Amino acid sequence: MEYLFGITRHLEISLKNRMKELRARDNITQAKLANLVGVRRETIVFLEKGKYNPSLNLAYSVAKVFNLAIEEVFIFDQSDAEQDI
Amino acid sequence: MKNYKKEIMVGLVFAIIVAGLFLWFIKHEPDAYLNIGIAIITVLLGAYTFVRQIITRKRDLRDGVPSEDEFTKRAKLYAGNRAFFFSMYLWFLIYLFHSSFSDPEEMLGIGIMGSALIYGISLWYYKTSGDFIEE
């Protein structure tokens with residue numbers, strides 16, 4: 001029935017992160033963090049704003065800088081949502 | 001020299017575009033001061049962009065910043081995709097209004113320059129907005 005009305009239930013996952021908070025804790029600048037993980041500073045800016053989802057490699061590198069697991073830095077916010085198709 | 005490969009390539013492409021535009025402006029009404037003025041501004045703009053790019057790259061090399069990372073690569077990919085999509089519309093419009101062009105060279109020139117411009121705007125948009133969060 002849901003299919004007929006063009007509505008599908010799916011798991012919506014949004015990615016949030018604690019990078020800004022962790023940077024402040026460890027007193028690391030955006031430029032320094034970018035240098036440590038091998039990306040440009042703009043990438044860190046967009047990551048912190050939540051405008052860019054990192055690759056698994058980058059997420060792992062960032063988490064490693066803060067000596068934390070990926071899920072402690074990047075929070076997967078799950079919510080059951082309806083979407084029109 | 002190896003580190004500046006990309007900059008040199010971009011510079012060469014830019015030089016060709018600038019030289020082409022310069023010749024085009026000179027060819028059409030060579031006596032018109034406005035056209036010569038526009039041509040000089042175009043050359044200066046091209047030179048400024050090239051020099052600025054070299055300076056930025058030099059600073060990046062000094063600071064150990066990569067010229068490209070996954071964000072810029074993704075921006076290029078999305079910009080290419082969007083530019084292709086909009087270029088189709090541009091070429092369709094050129095096809096519809098082909099009779100209003102004086103010669104085929106002008107029509108092709110506008111199409112190619114328009115496509116390049118659309119790609120430039122798309123790249124600028126994605127690099128500054130980062131607007132490609134996948135749902």
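Residues numbered from 1 in each chain as written. Chains lettered and ligands numbered in written order. Predicted model: local features only at pLDDT ≥ 70, side-chain atom pairs only at ≥ 80, totals over all residues. Heavy atoms only, no water.

J.: Quick rundown of the overall build of chain B? Include the residues and the values.
T.: Counting secondary structure elements, chain B contains 4 helices and 0 strands. Its helices and strands in sequence order give chain B the pattern α-α-α-α, from N to C terminus. For chain B, the proportion of its 135 residues judged to be buried stands at 23%. Counted over contacts in chain B with a minimum sequence separation of 6, partners at least 24 positions apart contribute 65%. For chain B, the exposed area adds up to about 9,900 Å²; of that, 72% sits on carbon and sulfur atoms. (Helix = DSSP H or I, 4+ residues; strand = E, 2+ residues; numbered from the N terminus. Buried < 20%, exposed > 50% of the residue type's maximum accessible area, 1.4 Å probe, protein only. Contact = heavy atoms within 4.5 Å. Areas by Shrake-Rupley, 256 points an atom, 1.4 Å probe, with all protein chains shown as cover.)

J.: Could you give an account of the packing of helix H2 (residues 30-37) of chain A against helix H4 (residues 56-65) of chain A, naming the residues involved and the relevant values?
T.: Residue and element names in this part refer to chain A. Viewed as axis vectors pointing N to C, H2 and H4 meet at an angle of 120°, and their least axial separation amounts to 9 Å. Considering the angle they form, H2 stands oblique to H4. In the packing of H2 onto H4, the handedness of the crossing is right-handed. When H2 is examined against H4, the residues Leu-33, Leu-36 and Val-37 are found in contact with a partner set consisting of Leu-58, Ser-61, Val-62 and Val-65. (Axes fitted to C-alpha atoms, helices over the stretch in contact; angles between N-to-C directions. Parallel < 35°, antiparallel > 145°, perpendicular 65-115°, else oblique. Left-handed = near helix turned anticlockwise from the far one by under 90°.)

J.: Please set out the pattern of salt bridges residue by residue, giving values where relevant.
T.: Going through the model one piece at a time under the given rule, you end up with 6 salt bridges over all chains. Arg-18 of chain A serves as the salt-bridge partner of Glu-21 of chain A, at 3.1 Å between the closest nitrogen and oxygen. Judged by relative accessible area, which is 48%, Glu-21 of chain A ranks as partly exposed. The closest approach of N and O atoms between Arg-25 of chain A and Asp-26 of chain A, which form a salt bridge, is 2.8 Å. The exposure class assigned to Asp-26 of chain A is partly exposed, which follows from its relative accessible area of 30%. Within the structure, one salt-bridge network assembled from shared partners comprises Arg-40 and Glu-42 of chain A together with Asp-60 of chain B. (Salt bridge = Lys/Arg side-chain N within 4 Å of Asp/Glu carboxyl O.)

J.: Can you lay out H4 of chain A for me, pointing to particular residues and giving the numbers?
T.: Residues and elements named next belong to chain A. Along H4, the residues classified as buried are Leu-58, Ala-59, Val-62 and Ala-63. End-on view of H4: buried residues confined to an arc of 135°, all on one side of the axis. The outward face of H4, more than 90 degrees from its buried face, is lined by the exposed residues Leu-56, Asn-57 and Lys-64. Just beyond H4, the residue with positive phi is Asn-67, at close to 55°. (Arc of directions from axis to C-beta.)

J.: Explain helix H3 (residues 41-49) of chain A residue by residue, including any values.
T.: For H3 of chain A, the full list of buried residues reads Thr-43, Ile-44, Phe-46, Leu-47 and Glu-48 of chain A. One or two residues past the end of H3 of chain A sits Gly-50 of chain A, with phi positive at roughly 75°.

J.: So, unusual backbone geometry: which residues are in play, and what are the values?
T.: Residues and elements named next belong to chain A. For Asn-27, which is not a glycine, the phi torsion comes out positive at approximately 55°. For Asn-27, the position within the fold is in the loop between helix H1 (19-26) and H2. Residue class for Asn-27 comes out exposed when judged on its relative accessible area of 72%. Although it is not a glycine, Asn-67 adopts a positive phi angle of roughly 55°. Assignment of secondary structure puts Asn-67 in the loop between H4 and helix H5 (70-73).

J.: I'd like a description of the interface of chain B and chain A, backed by residues and values.
T.: Across the boundary between the two partners, chain B contributes 18 residues, which contact 13 residues of chain A. Between chain B and chain A, the buried area comes to about 1,300 Å², and carbon and sulfur atoms account for 49% of it. At the boundary of chain B with chain A, the tally comes to 1 salt bridge. One salt bridge connects Asp-60 of chain B with Arg-40 of chain A, and the closest N-O pair in it is separated by 3.0 Å. At the boundary of chain B with chain A, the tally comes to 6 residue pairs in polar contact (both at pLDDT 80 or more). Of all the secondary structure elements, the ones that give two or more residues to the side of chain B that touches chain A are helix H2 (33-63), helix H3 (70-96) and helix H4 (104-129) of chain B. A total of 4 residues in the side of chain B that touches chain A trace back to one element, the largest contributor, which is H3 of chain B. (Buried area = accessible area lost by both parts, 1.4 Å probe. Polar contact = N/O pair within 3.5 Å; in protein donor to acceptor, adjacent residues only side chain to side chain.)

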